[in-house]
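Coordinates in review
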Amino acid sequence: MPSATTKQRLGILISGRGSNMLALADAVQGGRIPNAEIAVVLSDQGEAPGIGSAKARGLYTVVIERQGRTRDDHDNEVVKKLKECSVDLVCLAGYMRIVSSCFIQSFPERILNIHPSLLPAFPGLAAQRQALDHGVKWSGCTVHFVDETLDGGPIIMQTVVSVADDDTEEGLSARILEQEHRIYPEAVALIVSGNYEVSGRRVLRKR
Ligand code: GRF
């Protein structure tokens, strides 16, 4: 981990809209993630609207499309770029790809993800739809470390959102997204601060 005096460099990976990326950018700019700077916003999709929003903020952006390559070949190029940018912490923010073990091993316990459900419930795609179909009364979102399991790494932060009887996927997704924008920066700030320890599966705040 870099010393307390150097800023930690965030690499944010997106595939689409990029609203969580913008929430992180706002938080860095507003001093809510102290000692951090955004080194790069990287997308695997050239058409990702988030790339335009990041550019409009003056952030450095890179597109690395898969172009029919294997996951490992694509990930190797992504990792190379992140290392070139001296990234310390990788934040997946709507990055619609499963990252390979070589990627994970290149950033051990330094890759975070935000997922729109209360994990371990409803991992994978369309988590809000899964929650509605299952009939849960509460859902929410989770920030977790990325390991080799699907949305299964140690949980850093969660928040709950109630599910109303007349909820639609759009309505529930919008209320969860609002909370995502709140807790992702908080979780990144915690990890950047180093004020935590991982004990088995538990991520504990140091006192
Ligand atoms: C969010 O709901 C996030 O939890 C999920 O993908 C969505 C990305 O939205 N992983 P955005 O691109 O950050 O707006």
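Above this note sits the structure.
Below you will find a few notes about this structure. (Residues numbered from 1 in each chain as written. Predicted model: local features only at pLDDT ≥ 70, side-chain atom pairs only at ≥ 80, totals over all residues. Heavy atoms only, no water.)

Some remarks on helix H3 (residues 71–84)
- Counted at 1.5 Å a residue, the expected span for H3 with its 14 residues is 20 Å, and the 20 Å between its end C-alpha atoms agrees.
- Along H3, the residues classified as buried are His-74, Asp-75, Val-78, Val-79, Lys-81 and Leu-82. Take H3 and look down its axis: the buried residues cluster within an arc of 160 degrees, on one side only. Residues of H3 that are exposed and angled more than 90 degrees away from the buried face: Lys-80 and Glu-84.
- Its buried side turned inward, H3 meets strand S1 (8–14), strand S2 (36–43), strand S3 (61–63), strand S4 (89–92) and helix H4 (101–106). (Helix = DSSP H or I, 4+ residues; strand = E, 2+ residues; numbered from the N terminus. Expected span 1.5 Å × (residues − 1). Buried < 20%, exposed > 50% of the residue type's maximum accessible area, 1.4 Å probe, protein only. Arc of directions from axis to C-beta. Contact = heavy atoms within 4.5 Å.)

With respect to the site of the ligand
- In the vicinity of the ligand, the residues found are Arg-17, Gly-18, Ser-19, Asn-20, Gly-94, Ile-114, His-115, Pro-116 and Glu-180.
- Within the backbone of Asn-20, one N or O atom sits 2.9 Å away from an oxygen atom of the ligand.
- In this structure, Glu-180 approaches the ligand through a side-chain N or O atom, which is 2.7 Å from an oxygen atom.
- Taking 360 Å² as the accessible area of the ligand by itself, protein coverage stands at 86%.
- Here the ligand occupies the largest pocket. (Near = heavy atom within 4 Å. Polar contact = N/O pair within 3.5 Å; in protein donor to acceptor, adjacent residues only side chain to side chain. Areas by Shrake-Rupley, 256 points an atom, 1.4 Å probe, with all protein chains shown as cover. 1 Å grid on protein atoms, 1.4 Å probe; cavity = no way out; pocket = protein on both sides within 12 Å on 5 of 7 lines; lining within 4 Å. Sits in = over half its atoms within 2 Å of the grid points.)

Re helix H2 (residues 49–56)
- All of the buried residues along H2 are Gly-50, Ile-51 and Ala-54. Projected onto a plane normal to the axis of H2, the buried residues spread over an arc of 105 degrees and lie on a single side. Residues of H2 that are exposed and point more than 90 degrees away from the buried face comprise Pro-49, Lys-55 and Ala-56.
- On its buried face, H2 sits against S1, helix H1 (19–29), S2 and S3.
- Taken from the residues just after H2, Gly-58 is the one with a positive phi, measuring 80 degrees.

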